[in-house]
Structure formats: C-alpha cells, structure tokens
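# Observations on the model geometry
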Amino acid sequence: MPLANPSQPGGGSRENVAVNPVFTREPVTIPRDRLPDGELDHDTAYQVVHDELMLDGNARLNLATFVTTWMEPTARDLMAECFDKNMIDKDEYPRTADLEQRCVRMLADLWHAPGPAHAVGCSTTGSSEACMLAGLALKRRWQHRRRAAGLPTDRPNLVMGINVQVCWEKFANYWDVEARLVPMEGDRFHLTAEEAVKYCDENTIGVVAILGSTFDGSYEPVAEICAALDRLHEERGWDIPVHVDGASGAMIAPFCDPDLEWDFRLPRVASINTSGHKYGLVYPGVGWVVWRDTDALPEDLVFRVNYLGGEMPTFALNFSRPGGQVVAQYYNFLRLGHAGYTRVQQYCREVASSLAERIAALGPFRLLTDGTQLPVFAFTLADGETGYSVFDVSAALREQGWLVPAYTFPAHREDLAVLRIVVRNGFSHDLADLLVEALERVLPRLRRQTEPQHGKESASFSHGADVRK
C-alpha cells in the first residue's frame, strides 16, 4: 500500500498538469489529482505520462537497487504477450501454470531438494511475499508440534540478524511472532552460529539465515548455523528449522560457489526463497519459495479453491496477478541454462571485485566487503577523511547521474555510515570505468571541504524499502 508524501516530486501545489501545446490538437487542461471530466486523445495521454517520467533517474545507473533493469527484447515481447493473463486462473491458462511448476522444479533441483520432481513451491510477487509464506509455514509447523505435545502456542519467536530486510519485521508484526533480532557488534555485521543459538528457546519457530546481506553483500554461514542448531537439538531437544533468505544469493551461489553447502543439502534447511527479479534476471515482480518436502509445508495452509471452472491448490497472500514475469523467468532458464547463468553471475562478481579494488586504491575509502560473495560491496571513509561524509559523496555522484546509496548501519553500529554498490547484469567494466572517473572528479572538491555538508537526514535512500520490492 503506497503512502502519499506531499514533499516528494509530484506533490506540489499546482492544481493542473501543464500540457505542451505542441503535442495537442487544441488547448487542454488536465487535473492533477482527480479524474478529468472527459476523455483525452491517446497520443496526448501518452505524451503527458511520458514527459512526467522523463525526470526519473536512469535505471542502468542506479547502483542502489538489486532489481533487474535490463532484459532481452525477446523476453519483453513474451511479457507483453502475457499482460492479459491472470496467473491465478490456472484452469484458463494451464500452460502458464505448467511453466510456473517447471520453474519450481528447476529451482528445487538447483538447490538440491531431495525430490525435485515432486517439489513443493510457488511463485510470488517478490521475495517479501515469499518470506511471509515461509514464515507462516514455520509458525504453523511449530504450532502443530506444540499442540501435539500438549504445550502452549502463544509465544512464538523467530531468530534472525538485525540485517534482515524489513519484510521479516513485517511478518513478525503482522502474524504475532516475536522478532529476536541479533544486533551487529564490532566488525560482525551479520548473524553467526554462536549468536543465533543464544537467542533460541523452545518457542523458536525457526532461524532465518541470509545468503547475501543487503547491507554489505556478505553471506551468512548457513552450514555453521545448521550445525549449531543440530547440537542444540541434541542438548536441549529443540528441533529448530532454518529458512534461507536467498533473495539474491540463491541465484548467485549455485553458479559461482557450487561447493558451498547452504541449501537443501543441509537437512535442517526447511525452505528457501529467492527474487526472480534480482539475480534471477527478470523484470519486477516475481519471487519464488520452495520447501524441502511436503512435511515442511503444512497441508492446512494450502487452500483448494474452485475458481473459474476448476479446483486448484493455492498458497499465496496475493490472488490475481500477471503471468508475464513467470513466463519471463522460464524464458531465462531456457535461454541461459546453467552455463549462461554462470557466465552472467561470474561476470557481475568480476566487475564488482575489480571495482571494489579500484575504489580502495583511490585512498579515501576503506572496504567493508569486496564483492567476492554477492557482486555487492560496501565501503566507508578511511581514517582521516573528516571534511566530508559518505552522504556528500552520494550527493556529488548523483549530480552526475549515478545513484550510489549512503546509509548508516543498524544497532549497535549506528555510528558506521557506508556507501554500497550493487553490480547487476548490464553493469559492465566500461560503466565501472565511468563510475571511477566520476569519483575521481568529485573527490578533490569534497576533500577541500572543512566540514560535511550532508548527514544521514539528507539521504534519499531507504534501505529497508529498496532492497526487496
């Protein structure tokens, strides 16, 4: 649900939208915030909207977002052919529904599910919905076990690092689960096995491990967390499952780190989500969630709906939604295959690690991560750089068209302010060269400042809102 902010562009005081008479057959007045009284010529309506959008930034230069900003024309054509297909109507569009299940089986196989041919999973509007569904399954499984043992079910909690995306806090809030957020400490910027088990008890419905923190691009140690929970099970009898939030990393690690055990190879991993519209390389919005097996998704969460002529099982927060993104995901899986995804993701990582090294070599910056896990890295100002802030750097780059977000870390590291760069498909070594040149242009001016001009209050980047559309 979007919330209006009158201080944002478009929230001005003008009552009407100005229309350039070059584009109209006669003078036209168009109200800004109410329906026009009559119709508009379709060319005029198009031009008005088109001109409004010209002031948006260039998506290819947006290094804040993880979301895909380029697809092949053939993929866009397929999406356009599916604009009118309602994904929920599986009886009317059985081939689209079958493509969805093929994608689920492909992901289950990619993530080493024990029976990928009979995989349990679904598409979603994005990883936020996928996380909500996974969280609901964790809570319901815990409730079933507690009730079977004659124990109360009124105090569920979920353990996760404070670096989780805001959708997990929303899940806890909306479904009455205590969010046990493990704070950052010193140079520990994500959840570790040692910290995870400290926060667990008999009411813990699960532990969320993030394969690719959005704060700095680092992987959380999923295998170590699972091993620590195995020991906890032996010692205390608490059988606590793990959900892997692989919004980004679940489409990076299989291709760039094939020997890394983070997925269903670990018996304690109950479910995994990813964003098809991030490193799945599809335009927004599509996400995926896959469960280990049917036991991991309680049957009483699945609705069997008689809708538009057929009965279908459904587990979703949204009902009607377009089929184009699912079709585009299947297209990408066919088009690229394992070799193609490996090529694309390794190139992104190569660009990220090379760019991180070059930025570190400039002198004024200190790397927190280097782009060798997710093709994402965070960096801060080096010691002694006091006349300007990371927010000044972000603002100066924005003047040249680059959106490089600056933000502070959460508790207990609010003192740490960083810049972060996300390298996606389409961001080449040539564009990286241009970004370094832009930094080299702005640094002399910034280093002549006697004090910072921008603080965190000026940042236009909202960390929680950006990273998981």
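Heads up: the structure comes first, above all this text.
This text gives an overview of the structure that appears in the document. (Residues numbered from 1 in each chain as written. Predicted model: local features only at pLDDT ≥ 70, side-chain atom pairs only at ≥ 80, totals over all residues. Heavy atoms only, no water.)

## Digging into the overall build of the protein
Broken down by element type, the protein carries twelve helices and 15 strands. Computed over C-alpha atoms, the radius of gyration of the protein comes to 24 Å, within 12% of the 23 Å expected from 2.2 N^0.38 for 469 residues, which places it in the range of a compact globule. Viewed in the frame of its principal axes, the protein has a C-alpha envelope of about 70 × 65 × 45 Å. Within the protein, the proportion of its 469 residues that are buried is 54%. In the protein, the share of contacts with a sequence separation of at least 24, taken over all contacts with a separation of at least 6, comes to 70%. Accessible area of the protein: about 22200 Å², with a carbon and sulfur share of 51%. Measuring between centres, the 46 positive side-chain charges of the protein sit 1 Å from its 64 negative side-chain charges. (Helix = DSSP H or I, 4+ residues; strand = E, 2+ residues; numbered from the N terminus. Rg over C-alpha atoms; globule rule 2.2 N^0.38 Å. Buried < 20%, exposed > 50% of the residue type's maximum accessible area, 1.4 Å probe, protein only. Contact = heavy atoms within 4.5 Å. Areas by Shrake-Rupley, 256 points an atom, 1.4 Å probe, with all protein chains shown as cover. Lys, Arg positive; Asp, Glu negative; His and termini not counted. Charge placed at Lys NZ, Arg CZ, Asp CG, Glu CD.)

## What to know about the sheet that holds strand E12 (residues 365-367)
Pairing within the open sheet is antiparallel, and its four strands lie in the order E12-E13-E15-E14. Each edge of the open sheet carries a strand with a single partner, namely E12 and strand E14 (406-408). Strand-to-strand, the axes of this sheet are offset by a mean angle of 40°, without reference to chain direction. Across three bridges, E12 lies against strand E13 (residues 376-381) in antiparallel orientation. Considered in E13, the bridge of arginine 366 is made with threonine 380. Sheet contacts for helix H9 (residues 324-361): E12, E13 and strand E15 (417-422); angle to E13, the most-contacted strand, approximately 10°. (Pairing = 2+ DSSP bridges. Axes fitted to C-alpha atoms, helices over the stretch in contact; angles between N-to-C directions.)

## Section: the packing of helix H10 (residues 390-398) against helix H11 (residues 429-447)
Direction vectors running N to C along H10 and H11 enclose 120°, while the axes themselves pass 10 Å from each other. One element, H10, and the other, H11, form an angle in the oblique class. Once H10 is placed against H11, the crossing between them reads as right-handed. Residue-level contacts link Asp392, Val393, Ala396 and Leu397 of H10 to Leu435, Ala438, Leu439, Val442, Arg445 and Leu446 of H11. Here the contact of H10 with H11 is composed, by residue class, of eight nonpolar, no polar and two charged. (Parallel < 35°, antiparallel > 145°, perpendicular 65-115°, else oblique. Left-handed = near helix turned anticlockwise from the far one by under 90°. Nonpolar A, V, L, I, M, F, W, Y, C, P; charged D, E, K, R; others polar.)

## Some details on the pattern of salt bridges
Oppositely charged side chains can form a pair if their charged atoms are brought close together. For the coordinates displayed, the defined rule picks out 18 salt bridges. Residue aspartate 98 is joined to arginine 102 by a salt bridge in which the shortest nitrogen-to-oxygen separation is 2.8 Å. Pair noted here: aspartate 98 and arginine 102 are both in helix H3 (residues 94-110), with a separation of four residues, about one helical turn. Residue classification places arginine 102 among the partly exposed residues on the basis of a relative accessible area of 28%. A salt bridge links aspartate 433 to arginine 358, with the nearest nitrogen and oxygen atoms 2.5 Å apart. Taken as a pair, aspartate 433 in helix H11 and arginine 358 in helix H9 lie far apart in primary sequence, 75 residues in all. Judged by relative accessible area, which is 33%, arginine 358 ranks as partly exposed. What emerges from the salt-bridge pattern is a single network uniting Arg95, Asp98 and Arg102. (Salt bridge = Lys/Arg side-chain N within 4 Å of Asp/Glu carboxyl O.)

## Side note on the side chain of asparagine 163
Looking at the element boundaries, asparagine 163 is found in the loop between strand E4 (157-161) and helix H5 (166-174). With residues up to four places along the chain from it excluded, the contact list for asparagine 163 reads Met184, Phe189, His190, Leu191, Ile210, Ser213, Thr214, Phe215 and Glu220.

## Observations concerning the sheet that holds strand E8 (residues 269-275)
In space, the seven strands of this open sheet follow the order E3-E9-E8-E7-E6-E4-E5, with mixed pairing throughout. The sheet terminates laterally at strand E3 (120-124) and strand E5 (178-182), the two strands that pair on one side only. Across the sheet, the axes of successive neighbouring strands diverge by a mean angle of 20°, strand direction being ignored. Here E8 pairs with strand E9 (residues 287-291) via five bridges, running antiparallel. By the bridge assignment for E9, serine 275 is matched with glycine 287. Contacting E3 and E9, H3 runs over the sheet at an angle of about 60° to E9.

## What to know about the packing of aromatic side chains
Counted under the stated rule, the structure contains 14 aromatic pairs. Consider the rings of tryptophan 402 and phenylalanine 427, whose centres lie 6.3 Å apart with planes at 80°: the pair is edge-to-face. Note that tryptophan 402 is positioned in the loop between H10 and E14 and phenylalanine 427 in the loop between E15 and H11, a separation of 25 residues in sequence. Classification of tryptophan 402 as buried rests on a relative accessible area of 6%. A connected cluster of aromatic rings, assembled from ring pairs, spans Trp168, Phe171, Tyr174 and Trp175. Its end group placed over the ring of phenylalanine 66, lysine 278 keeps NZ or CZ at 5.7 Å from the ring centre. (Phe/Tyr/Trp six-rings, centres within 6.5 Å; stacked < 30°, edge-to-face > 60°. Lys NZ or Arg CZ within 6 Å of the ring centre and 35° of its normal.)

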